[in-house]
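# Residue-level structural notes
Below are the chains, spelled out letter by letter.
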Amino acid sequence: MLSKVKAYLIKHDVKPSIQRIAVMNYLFNNRTHPTVDEIFSALSPNMPTLSKTTVYSTLKLLAEKGAILQLTIDEKNVRYDACIDPHAHFICLGCGCVHDVAPIYLDKVHMEKYKNLNIIETQVYYKGYCDECLDNMEGKVKESAEPDSHLKQLNS
Ligand SMILES: [Zn+2]
Ligand SMILES: [Zn+2]
């Protein structure tokens, strides 16, 4: 696996240092669109010399070289994605989970008439709530309705 990661970095013109291989490998194995903090806390126990600054500059380099995608879907944290094929994203405003949404070709179809604009990147973001968060919210609504049923019990 690591030699595959190494080859991937070389293919994208990134010199494969141990740290860079570790960051890229983590992104390949964790398709949850992690943040810098998540990547750093996952890797640092096994790499005591690793700093958050190094993780950050590695991610920046990988994105510049087109090896990963940098997502700004979450206003609080930049997210990183090892899948560089065009696809859209959905973020849950409750728990912050980010999901891949089927590939989109909006750029090709829609942008054809803008002959003077040259696209290098397309980002499509959907925002909403995942099923789990929606269930929790409905649960809270039910909970707040509960005092009423307690009253009924007391009265009966
Ligand atoms: Zn959620
Ligand atoms: Zn993605």
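For the structure given in this document, a descriptive report is provided here. The residue numbers shown here count from 1 along each chain, following its written sequence. Written order determines the labels here, with chains lettered from A and ligands numbered from 1. Reporting of local features is limited, given that this is a predicted model, to residues whose pLDDT is at least 70; pairs of side-chain atoms are given and counted only at 80 or more, and all residues count toward the totals for whole chains, interfaces and linings.

Strands are runs of DSSP state E lasting at least 2 residues, helices are runs of H or I lasting at least 4, and numbering of each runs from the N terminus. Across its full length, the protein carries six helices and five strands. Going from N to C terminus, the protein has its helices and strands arranged as α-α-α-α-β-β-β-β-α-β-α. Here the protein holds 156 residues, and the buried ones make up 17% of them. By sequence separation, contacts in the protein at least 24 residues apart represent 45% of the contacts at least 6 residues apart. Here the C-beta atoms are placed from the backbone, and a residue counts as buried if at least 20 other C-beta atoms lie within 10 Å of its own, exposed if 12 or fewer do, and partly exposed otherwise. In this description, any two residues whose backbone-derived C-beta atoms lie within 7 Å of each other are considered to be in contact.

In this section: the nonpolar core. Joined through C-beta atoms within 7 Å, a set of buried Ala, Val, Leu, Ile, Met, Phe, Trp, Tyr and Cys residues constitutes a nonpolar core. Grouped together as the largest cluster of nonpolar side chains are 17 residues, with contacts concentrated most on Val23, Met24, Leu27, Leu62, Ala67 and Ile68. Counting only elements with at least two residues in this core, the list comes to helix H1 (2-11), helix H2 (18-29), helix H3 (36-43) and helix H4 (52-64). Sequence-distant contacts of Met24, that is, excluding residues within four places in its chain, are made with Val5, Tyr8, Leu9, Leu62 and Ala67.

Over its 13 residues, H4 runs 18 Å from end to end, which matches the ideal 18 Å to within 8%, given 1.5 Å per residue. Along H4, the residues that are buried comprise Val55, Thr58, Leu59 and Leu62. Relative to the axis of H4, the buried residues are bounded by an arc of 100 degrees and lie together on one face. Buried-residue contacts for H4 involve H2, H3 and strand E2 (79-81). A positive backbone phi angle near 75 degrees is found at Gly66, which sits one or two residues after H4. Expected span of a helix: the number of residues minus one, times 1.5 Å. Taken from the helix axis, the directions to the C-beta atoms give the arc we talk about.

Judged by pairing direction, the sheet is mixed, and its three strands sit side by side in the order E4-E3-E5 without closing on themselves. Strands with a single pairing partner mark the edges of an open sheet, and in this sheet they are strand E4 (98-101) and strand E5 (125-128). Across the sheet, the mean angle from the axis of one strand to that of its neighbour is 25 degrees, orientation sign disregarded. The rule for pairing is simple: two strands pair if DSSP sees at least two bridges between them. Between N-to-C directions, angles span 0 to 180 degrees; the directions come from axes that are lines fitted to C-alpha atoms, helices contributing only their stretch in contact.

Let's shift gears to the environment of Lys65. With respect to the element layout, Lys65 can be found in the loop between H4 and strand E1 (69-71). For the pair Lys65 and Leu9, spaced 56 residues apart in sequence, the C-alpha to C-alpha distance is 9.2 Å.

Phi at Asp13 takes a positive value of approximately 65 degrees, unusual for a residue other than glycine. Residue position: Asp13 is located in the loop between H1 and H2. Of note, the phi angle at His33 is positive, near 60 degrees, even though the residue is not glycine. Inspection of the secondary structure puts His33 in the loop between H2 and H3. By the C-beta count within 10 Å, which is 25 here, His33 ends up buried.

Next up on the list: the pairing of strand E3 (residues 88-92). Only one face of E3 is buried, namely the one carrying His89 and Ile91, since none of Ala88, Phe90 and Cys92 on the opposite face is buried. Where E3 meets E4, four bridges bridge the pair, whose relative direction is antiparallel. Its bridge partner lying in E4, Phe90 is registered against His99. Taking the residues that link successive antiparallel strands as the turn, the E3-E4 hairpin has five residues, and the phi of Gly96 there is positive, at about 80 degrees. Sheet topology places E3 next to E5; four bridges connect them, and they run parallel. Bridging from a neighbouring strand, His89 pairs with Tyr125 of E5.

This part is about the packing of H2 against H4. Packing of H2 against H4 brings their axes to within 10 Å, and their N-to-C directions diverge by 70 degrees. With respect to H4, the element H2 is oriented roughly perpendicular. The residues of H4 that touch H2, namely those facing Gln19, Arg20, Val23 and Met24, are Thr54, Val55, Thr58, Leu59 and Leu62. The classification used treats Ala, Val, Leu, Ile, Met, Phe, Trp, Tyr, Cys and Pro as nonpolar, Asp, Glu, Lys and Arg as charged, and all other residues, Gly among them, as polar. Of the residues assigned to the contact of H2 with H4, the class counts are five nonpolar, three polar and one charged. Angle categories: roughly parallel below 35 degrees, roughly antiparallel above 145, roughly perpendicular from 65 to 115, and oblique for all the rest.

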